[in-house]
Amino acid sequence: MQVGTGKSILNGIAIGKLKLYHAPKYEISEAEIEDIESETARFEQAIQKAIDQQNVLYEKALETAGEDSAAIFEVHGMMLEDEDLQDAVRDIISGQKKTAEYAVREAFDEQAEVFAQMDDAYMKERSADVRDIKQAVLDVLFGVDPDSMQGSEPAILVAEDLAPSETVRLDKSLLLGMITREGSSNSHTAILARSMNLPAIIQCKEIDDSWEGHLGIIDGYHSKVYVDPDEKLLAELTAKMQEDEKKRLLLQELKGQENVTKDGTKIKIYANIGGPSDLGMVQENDAGGVGLFRSEFVYLNSKDYPSEEAQFAAYRQAVETLAPKQVVIRTCDIGADKMVEYMDLGDEDNPALGFRAIRIGLSRKDFFKTQLRALLRASAFGNLAIMFPMIISKWELEEAKKLLEECREELVKEGVAVGEYQVGIMIETPAAVLCADELAQICDFFSIGTNDLTQYTLAIDRQNAKLEPFLDTHHPAVLKAIQMTVEAGHRHGIWVGICGELGADMTLTETFLRMGVDELSVNPKSILPIRKVVRELDLGSGS
Ligand code: PEP
Ligand code: MG
């Protein structure tokens, strides 16, 4: 028996044959070519085919993994369409008289290197994307069908690394789990694996070609990989896997049940979504509503400012589908780690402390009012709540509400229907926590964004993997800030929820209930497991 160790992406057990998945290695000729025209034409055809493939991958990811995960393929499509990158390839073909394959490798590698050298963590990660799309173009040029590499039997896939395009292409019905030598826990691959609900181990250095075809086990609970396990271990982990399956089925029985503790304390459990395509998951997992619709994905998935009509269609679909359940839509939280070129936000030394979220909305009122009008129109079709991100001062909320009121009056004058709606804010900074009493007097609810609240309270850049050892997600200062926010909200009669990742941390569910948190908004897959935890708690007995 061989044992490998790595980082687990998902708690779970997978048992099956190991299948080595090698990205094809190409022999690229460095010889000079004669026919520049036909070589350029080969490149043009290949790039177009690669762009078309990204569209197909986008649709596939949308179906299997939701909008957040699919967005990367839209980005890949845009990167392939980049004229500068395409011109760099054409210049190498014509200037150096090289093959299309050679020119693609050189130009794309150079672009990937430019990204790799950038300081910004988000831009650095784009380097892996450029290498991914380079592979896509080379696959087309070499006539390789990447779909044929998986084999036809159910297996645990073993690879050096898996690019997002490879992960999404995989036939999930044949996939038992994934093991890779490289990869980071926040990479697109890890996010896709999580949303596909597959046990996966990354950073497993022991991977070896000799594993091909052998029996393997992924123990996601202990971040271990076993090859040719002994009988005792195999029996033990098979039993654990069957137990997990039973639990999964039991969770299904929790659908339609209340989120109530044994002593009668209730909490709402809502879902976080990135767009209308996630609505299926909201319903499938029996969410009480949507506690965070990250509307910036509507902007990120668009090549230019999305029109009022396009936004209205997306927001209306969400509120109408889920009515009468509440849908909290957050106004555009762009900036920092989420950038779109067309907004031309400029470079900043400290983007996380920079021009982002409500600061952009209040500075660029036309763009903001387009979104507010779309939201108000959607309010006529269901139970909408509008939420402003990154509020730090009372005047910001007052100004945002004033603009909202201006839009409402305009619409009423135009004879357009506007429904009822709540207005709330994200609590994401120590400033908002410390001013919570004043803020609570002029809004209907607070939703605590623990991702940013942790970043700004602990002064730890949430994008910087180097700081992981210093990041205590249960830091007493963060928990104190949450408690202070809940108390301030309740003093003024408004509801308080949590929509950051901490809301799904089941080791804190009891703490949040004891604090009096009214709502947890979490990824749809966490809803039923949290419901189970809630229903097993008895706050009265202190257990
Ligand atoms: C948060 O900051 O916790 C949050 C929910 O917002 P985002 O992660 O989109 O910044
Ligand atoms: Mg945030």
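Just so we're clear, the structure is a prediction, and the values are computed from it rather than from any experiment.

Cut-offs used in this document
Residues numbered from 1 in each chain as written. Chains lettered and ligands numbered in written order. Predicted model: local features only at pLDDT ≥ 70, side-chain atom pairs only at ≥ 80, totals over all residues. Heavy atoms only, no water. Donors = N, O, S within 2.8 Å, 3.2 Å for Na, K, Ca; no water. Helix = DSSP H or I, 4+ residues; strand = E, 2+ residues; numbered from the N terminus. Buried < 20%, exposed > 50% of the residue type's maximum accessible area, 1.4 Å probe, protein only. Pairing = 2+ DSSP bridges. Axes fitted to C-alpha atoms, helices over the stretch in contact; angles between N-to-C directions. Patch = residues over 30% accessible without salt bridge, like charges linked within 9 Å, V, L, I, M, F, W, Y side chains within 5 Å. Areas by Shrake-Rupley, 256 points an atom, 1.4 Å probe, with all protein chains shown as cover. Salt bridge = Lys/Arg side-chain N within 4 Å of Asp/Glu carboxyl O. Lys, Arg positive; Asp, Glu negative; His and termini not counted. Charge placed at Lys NZ, Arg CZ, Asp CG, Glu CD. Near = heavy atom within 4 Å. Polar contact = N/O pair within 3.5 Å; in protein donor to acceptor, adjacent residues only side chain to side chain. Nonpolar A, V, L, I, M, F, W, Y, C, P; charged D, E, K, R; others polar. Parallel < 35°, antiparallel > 145°, perpendicular 65-115°, else oblique. Left-handed = near helix turned anticlockwise from the far one by under 90°. Contact = heavy atoms within 4.5 Å. Core = buried A, V, L, I, M, F, W, Y, C linked by side-chain atoms within 4.5 Å. Domains from an automatic or database assignment. Buried area = accessible area lost by both parts, 1.4 Å probe.

Q: Help me out: how do you make sense of the coordination of the magnesium ion (ligand 2) in this one?
A: Each angle at a metal carrying four tetrahedral donors should ideally be 109.5 degrees, and each at a metal carrying six octahedral donors should ideally be 90 or 180 degrees. Protein ligation of the magnesium ion (ligand 2) involves Glu 428 (OE) and Asp 452 (OD), the donor distances falling in the range 2.1 Å. Highlighted residues: Glu 428 in the loop between strand E13 (421-427) and helix H15 (430-434) and Asp 452 in helix H17 (residues 450-458), separated in sequence by 24 residues. Residue Glu 428 is classed as buried on the basis of its relative accessible area, which comes to 2%.

Q: I would appreciate a short explanation of the sheet that holds strand E9 (residues 268-273) in the present structure.
A: Strand pairing in a sheet takes place through backbone hydrogen bonds and is either antiparallel or parallel in direction. Pairing within the closed barrel is parallel, and its eight strands lie in the order E9-E10-E11-E12-E13-E14-E15-E16. Each neighbouring strand pair of the sheet contributes to a mean axis angle of 25°, computed without reference to strand direction.

Q: Just to check I follow, could you spell out a negative patch on the surface for this structure?
A: A cluster of acidic residues, Glu 81, Asp 82, Glu 83, Asp 84, Glu 341 and Asp 344, forms a negative patch on the protein surface. Structurally, the position occupied by Glu 83 is in helix H3 (residues 83-96). Judged by its relative accessible area of 48%, Glu 83 is partly exposed.

Q: When you look at the pattern of salt bridges in this model, what are you seeing that I'm missing?
A: Opposite charge on two side chains permits them to pair, given that their charged atoms come into close proximity. In total, this model carries 40 salt bridges according to the counting rule given. Of the charged contacts in the structure, one is a salt bridge between Glu 258 and Lys 266, with a shortest N-O distance of 3.0 Å. You can call Glu 258 partly exposed: its relative accessible area is 43%. When the shortest N-O distance is used, the salt bridge between Arg 316 and Glu 320 registers 3.1 Å. Taken together, the residues Arg 316 and Glu 320, both in helix H11 (residues 308-322) and four residues apart, mark about one turn of the helix. Residue Arg 316 is classed as partly exposed on the basis of its relative accessible area of 28%. Its relative accessible area of 37% is what places Glu 320 among the partly exposed residues. Via salt bridges that share partners, Glu 308, Glu 309, Lys 369, Arg 373, Arg 377, Glu 406, Glu 410 and Glu 414 belong to a single interconnected network.

Q: Help me understand the site of ligand 1 in this model?
A: Close to ligand 1 lie 14 residues, the nearest being Arg 294, Arg 330, Gly 449, Asn 451 and Arg 462. A distance of 2.8 Å separates an oxygen atom of ligand 1 from a polar atom in the side chain of Arg 330. Separating an oxygen atom of ligand 1 from a backbone N or O atom of Asn 451 is a distance of 2.7 Å. Relative to its unbound accessible surface of 290 Å², ligand 1 loses 99% to contact with the protein. Elements that contribute at least two residues to the shell around ligand 1 include exactly strand E10 (290-294) and H17. Tallying contributions element by element places H17 first for the shell around ligand 1, with three residues. Across the shell around ligand 1, the residue classes tally to three nonpolar, four polar and seven charged.

Q: So what exactly am I meant to see when it comes to the packing of H3 against helix H4 (residues 100-116) here?
A: Packed helices, taken two at a time, are described by the angle between their axes plus the distance between the axes. Close contact between H3 and H4 brings their axes to 8 Å; oriented N to C, the two are set at 135°. Here H4 runs oblique to H3, going by the angle between their axes. Considering only the axes of H3 and H4, their crossing is right-handed. Here H3 contributes Leu 85, Ala 88, Val 89, Ile 92, Ile 93 and Gln 96 to the contact with H4, which in turn contributes Ala 100, Tyr 102, Ala 103, Val 104, Glu 106, Ala 107, Phe 108 and Gln 111. Its residues placed into classes, the contact of H3 with H4 shows eleven nonpolar, two polar and one charged.

Q: Any chance you could explain the environment of Leu 10 here in plain terms?
A: Mapped onto the elements, Leu 10 comes out in the loop between strand E2 (7-8) and strand E3 (13-21). You can call Leu 10 buried: its relative accessible area is 16%. Taking the C-alpha atoms as reference points, Leu 10 and Leu 198, separated by 188 residues in sequence, lie 6.9 Å from one another.

Q: How should I be thinking about the sheet that holds E3 in this particular structure?
A: Read across the sheet, eight strands follow the order E1-E8-E7-E3-E4-E5-E6-E2 without closing on themselves; strand pairing throughout is mixed. Looking along the sheet, the strands with just one partner apiece sit at the ends: strand E1 (2-5) and E2. As paired strands, strand E7 (residues 215-219) and strand E8 (residues 224-227) are joined by four bridges and run antiparallel to one another. Bridge pairing in E8 places Ile 218 opposite Val 225. Each of E3, E7 and E8 is contacted by helix H8 (residues 231-253), which is oriented at about 110° to E3, the strand it contacts most.

Q: Sorry, what's going on with the nonpolar core here?
A: Side chains that are nonpolar tend, in soluble globular proteins, to be buried together. Tyr 315, Phe 388, Phe 446 and Ile 482 are the most contacted members of the largest nonpolar core, which totals 88 residues. It is helix H13 (residues 365-378) that provides the largest number of residues to this core, a total of seven residues. Grouped together as the second largest cluster of nonpolar side chains are 28 residues, Ile 33, Val 89, Ala 103 and Phe 115 included.

Q: Would you take a moment to explain the domain arrangement of the chain for this structure?
A: Interfaces are often sized by the accessible area lost when the parts come together. The domain architecture assigned to the chain consists of domain 1 (2-23 + 148-251), domain 2 (36-143) and domain 3 (253-536). On the domain 3 side, the residues contacting the eight residues of domain 1 number eight residues. Overall, the association of domain 1 and domain 3 removes approximately 590 Å² of surface from exposure, summing both partners, and the carbon and sulfur fraction of that is 49%. Close ionic contact of Lys 7 with Glu 468 constitutes a salt bridge, the shortest N to O distance being 3.9 Å. At the level of elements, helix H7 (188-196) and H8 are the ones that each hand at least two residues to the side of domain 1 that touches domain 3. A total of three residues in the side of domain 1 that touches domain 3 trace back to one element, the largest contributor, which is H8. Taken together, the residues of the side of domain 1 that touches domain 3 sort by class into three nonpolar, three polar and two charged.

Q: Would you mind going over the side chain of Gln 455 with me for this structure?
A: Summarising the element assignment, Gln 455 is placed in helix H17. On the basis of relative accessible area, Gln 455 is assigned to the buried category, the value being 6%. Side-chain polar atoms of Gln 455 contact the side chain of Tyr 456, separated by 3.5 Å. Separated by 2.8 Å, the side chain of Gln 455 and the backbone nitrogen of Arg 462 make a polar contact. The residues contacting Gln 455, other than those within four sequence positions of it, are Ala 352, Arg 356, Ile 460, Asp 461 and Arg 462.

Q: Just to check I follow, could you spell out the pairing of strand E12 (residues 383-388) for this structure?
A: Within a regular strand, side chains alternate between the sheet's two faces. Counting buried positions along E12 gives five out of six residues, so the element sits mostly inside the fold. Pairing analysis gives five bridges linking strand E11 (residues 326-330) to E12, with the strands arranged parallel. Within E12, the residue paired with Ile 329 across the bridge is Ile 386. As judged from the five bridges shared by E12 and E13, these two strands associate in the parallel manner. Among the inter-strand pairings, Met 387 is bridged to a residue of E13, identified as Gly 424.

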